[in-house]
2 protein chains.
Amino acid sequence: MKKKLVLASGSPRRKEILSQAGFSFRVLPVDADESLENRDPEEMVQILAGRKAAACMDLLKKTEGNPENLLVLGADTVVVYDHTILGKPSDREAAADTLRSLQGKCHSVYTGFSLIWMDEQNQIQSAVSAEKTNVFFYPMSEEEIHFYVNTGECDDKAGSYAIQGIGMRYIEKIEGDYHNVVGLPLGRLYQTLKSNHLEIEEAAYDENR
Amino acid sequence: MKKKLVLASGSPRRKEILSQAGFSFRVLPVDADESLENRDPEEMVQILAGRKAAACMDLLKKTEGNPENLLVLGADTVVVYDHTILGKPSDREAAADTLRSLQGKCHSVYTGFSLIWMDEQNQIQSAVSAEKTNVFFYPMSEEEIHFYVNTGECDDKAGSYAIQGIGMRYIEKIEGDYHNVVGLPLGRLYQTLKSNHLEIEEAAYDENR
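Residue numbers here run from 1 along each chain, matching the order of that chain's written sequence. Here the convention is simple: chains get letters from A, ligands get numbers from 1, in the order in which they are written. At least 70 in pLDDT is required for a residue's local features to be given in this predicted model, at least 80 for side-chain atom pairs to be given and counted, and no such filter applies to totals for whole chains, interfaces and linings, which use all residues. Each side-chain value is derived from all of the structure's non-hydrogen atoms; neither hydrogens nor water enter the calculation.

So, about helix α2 (residues 41-63) of chain A. All names here are of chain A. Compared with the 33 Å implied by 1.5 Å per residue over 23 residues, the 33 Å span of α2 between its first and last C-alpha is a close match. Using a 1.4 Å probe on the protein chains alone, a residue whose accessible area is under 20% of its type maximum counts as buried, one over 50% counts as exposed, and one in between counts as partly exposed. Working definition: helices are DSSP H or I runs of at least four residues, strands are E runs of at least two. Numbering for both runs from the N terminus. Of all the positions in α2, only Pro-41, Met-44, Val-45, Leu-48, Ala-49, Lys-52, Ala-53, Cys-56, Met-57 and Leu-60 are classed as buried. Contacts: residue pairs with any heavy atoms within 4.5 Å of one another. Residues of α2 that are buried sit in contact with β1 (4-7), β2 (25-27), β3 (70-81), β4 (84-86), β5 (106-118) and β6 (124-137). One fewer than the residue count of a helix, multiplied by 1.5 Å, yields its expected span.

What follows deals with the confidence of the model for chain A. Residue-level confidence of the predictor is what pLDDT reports, using numbers from 0 through 100. Taken over all residues, the pLDDT of chain A has a mean of 94, while the share at 70 or more is 97%. As scored by the predictor, the complex reaches a pTM of 0.94 and an ipTM of 0.94.

Here we come to the relation of the copies chain B and chain A. Rotating chain B by 180° and moving it 0.0 Å along the rotation axis overlays it on chain A with an RMSD of 0.0 Å. Taken together, the turn and the small shift mark the pair as related by a two-fold rotation axis. Across chain B, the rotation axis passes nearest the C-alpha of B:Glu175, at a separation of 2.3 Å. Taken together, the interface assignments show that 100% of the residues at the interface of chain B recur at the interface of chain A, consistent with an identical surface on both copies. Superposition of the copies used a least-squares fit over C-alpha atoms from residues whose pLDDT is at least 70 in both.

Time to look at the packing of aromatic side chains. Only centres within 6.5 Å qualify two rings of Phe, Tyr or Trp (six-membered ring in Trp) as a pair; their planes then separate them into stacked at under 30 degrees, edge-to-face at over 60, and tilted for everything else. Going through the model one piece at a time under the given rule, you end up with 7 aromatic pairs over all chains. Taking 5.4 Å as the distance between ring centres and 80° as the angle between the ring planes, the aromatic pair formed by A:Tyr170 and B:Tyr190 counts as edge-to-face. In this pair, A:Tyr170 is assigned in the loop between α4 (142-150) and β7 (171-176) and B:Tyr190 in helix α6 (residues 186-195), connecting two distinct chains. Between B:Phe137 and B:Tyr161, the aromatic rings sit 5.0 Å apart at their centres with planes inclined by 90°, giving edge-to-face as the arrangement. Of this pair, B:Phe137 sits in strand β6 (residues 124-137) while B:Tyr161 sits in the loop between α4 (142-150) and β7 (171-176); the two residues are 24 residues apart in sequence, bridging distant segments of the chain.

Here we come to the pairing of β6(B). Residue and element names in this part refer to chain B. Note on pairing: two strands pair once DSSP finds at least 2 bridges between them. As paired elements, strand β5 (residues 106-118) and β6 share 13 bridges and run antiparallel to each other. When the bridges of β6 are listed, His-107 appears paired with Val-135. Counted along the chain from β5 to the antiparallel partner β6, the turn is 5 residues long, and its residue Asn-122 has a positive phi close to 65°. Alignment of β6 against β7, held across 4 bridges, turns out to be antiparallel. Within β7, the position partnered with Phe-137 by the bridge is Ile-171.

Attention shifts here to the interface of chain B and chain A. In many analyses, interface size is given as the accessible surface area lost on bringing the parts together. Each side of the interface is counted separately: chain B has 39 residues, and chain A has 39 residues. Buried area is calculated as the accessible area (1.4 Å probe) missing from two parts once they are joined, with the contributions of both summed. Both faces considered, chain B and chain A share a buried interface measuring about 3400 Å² in area, 54% of it formed by carbon and sulfur atoms. Between Lys or Arg on one side and Asp or Glu on the other, a salt bridge is scored when a side-chain nitrogen of the former is within 4 Å of a carboxyl oxygen of the latter. Applying the counting rule to chain B against chain A returns 4 salt bridges. A salt bridge links B:Glu202 to A:Arg169, with the nearest nitrogen and oxygen atoms 2.5 Å apart. Among the elements of the structure, α1 (12-20), α4, β7, α5 (178-182) and α6 of chain B are those that each provide at least two residues to the side of chain B that touches chain A. Judged from the 3 bridges that link them, β7(A) and β7(B) form a sheet pairing that is antiparallel.

A word on the side chain of A:Ser160. Residue and element names in this part refer to chain A. As for its placement among the helices and strands, Ser-160 is situated in the loop between α4 and β7. What makes Ser-160 buried here is its relative accessible area of 0%. In this structure, Ser-160 is in contact with Pro-89, Ala-95, Thr-98, Leu-99, Tyr-148 and Cys-154, ignoring residues within four places of it in sequence.

Here we come to helix α1 (residues 12-20) of chain A. Since one α-helical turn is 3.6 residues long, residues separated by three or four positions face the same way. Residue and element names in this part refer to chain A. All of the buried residues in α1 are Arg-14, Ile-17 and Leu-18. Take α1 and look down its axis: the buried residues cluster within an arc of 95°, on one side only. Along its buried surface, α1 packs onto β1, β2, β3, α5 (178-182) and α6 (186-195). Immediately beyond the C-terminal end of α1, within one or two residues, lies Gly-22, with a positive phi of roughly 90°. The arc in question is traced by the directions running from the helix axis to the C-beta atoms.

Turning our attention to the pairing of strand β3 (residues 70-81) of chain B. All names here are of chain B. Within β3, 11 of the 12 residues are buried, leaving the element largely enclosed by the surrounding structure. Direction of pairing for strand β1 (residues 4-7) relative to β3: parallel, over a ladder of 4 bridges. When the bridges of β3 are listed, Leu-7 appears paired with Leu-73. When β3 meets β5, the two strands line up antiparallel, connected through 10 bridges. By the bridge assignment, Val-72 is partnered in β5 with Ile-116. Two elements, β3 and strand β4 (residues 84-86), share 3 bridges in a ladder whose sense is antiparallel. Across the sheet, the residue bridging to Val-79 is Leu-86, located in β4. Counted between consecutive antiparallel strands, the loop separating β3 from β4 contains 2 residues, among which Asp-82 sits at a positive phi close to 55°.

Printed below as a string of structure tokens:
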């Protein structure tokens, strides 16, 4: 039986990736505890993704008649440079400082995801995974950093840039999954669905299958 | 003086990349001779991009009052596996054959671009460059190939897949510029503009500069 995908995230970028990949889904953003002591980033994003998915499934069990049809997806992304996690900038000066440290260098982006569903015996099942992508910036001049920060694109972005926006001007190359940098490692997600024999509803192609 | 960018291509994917990157431009697709004896793919895409840009500049010189304000961009993309250039599939059986050869393996995508403009002495100037990106497919089953081909997404794509569409499910990772695979190496393009001291109109951010 095909499951209905529920995205436990309000991120417009994650929504766009799932849409582009042809999946049908609905969105139910939840609040989850994001506090966590220092850990390996690959472990951290999986724990935080798991909390989001679990909070979403809890909410669905309270509000929906048949959560056994549902498959919940939580995700979390962090940007890491020189063993430091780079969050969203507090202001434009902080964004410029982050860009000064990233320009001309390589950093890493980790996205973890968690899938939670009910099996045929009504038992909760889950799967979790993460991907790492290396991102290489071209050198940037102070003038370019000033221009880019003033576009406003950096304001709400972890790492103070968007590879899918104006920021793509400054990216030389990546090693890994591109969509992982945008917010969801779609290839890995699809392979995880496959290995767990999970089928979800497609947006428009089922009739051809 | 800032120049007005003219894209000598009707590709919706190239348009989308330039828009996402924040550039203002207009589109003037042209026909150019695409016949070429066998060559190195990196050289080939630069020659074909140059023909498109030159044909577009010729047309603009005939129809526009002031081509000295203009900067013409031509581009060409090829997909290469095992020393063979993979074009658009002739039918869905050919698309399935291409996917059978790409699945579980690495192939390369080359995009060349050519910029043509008039300098302050009214002399034609040009710059040309190309990028290579390696793309790694996950293994695909016959059922997956059949499903994917029947979505219709392969029909008009060189290499019979779209990394920005349903095809992203099957991509494990890339090495290089992602947008190069979609159709335009935006990072390299921006660096080429910069090294030639070419400034083009921005979509919406000039007032902040």
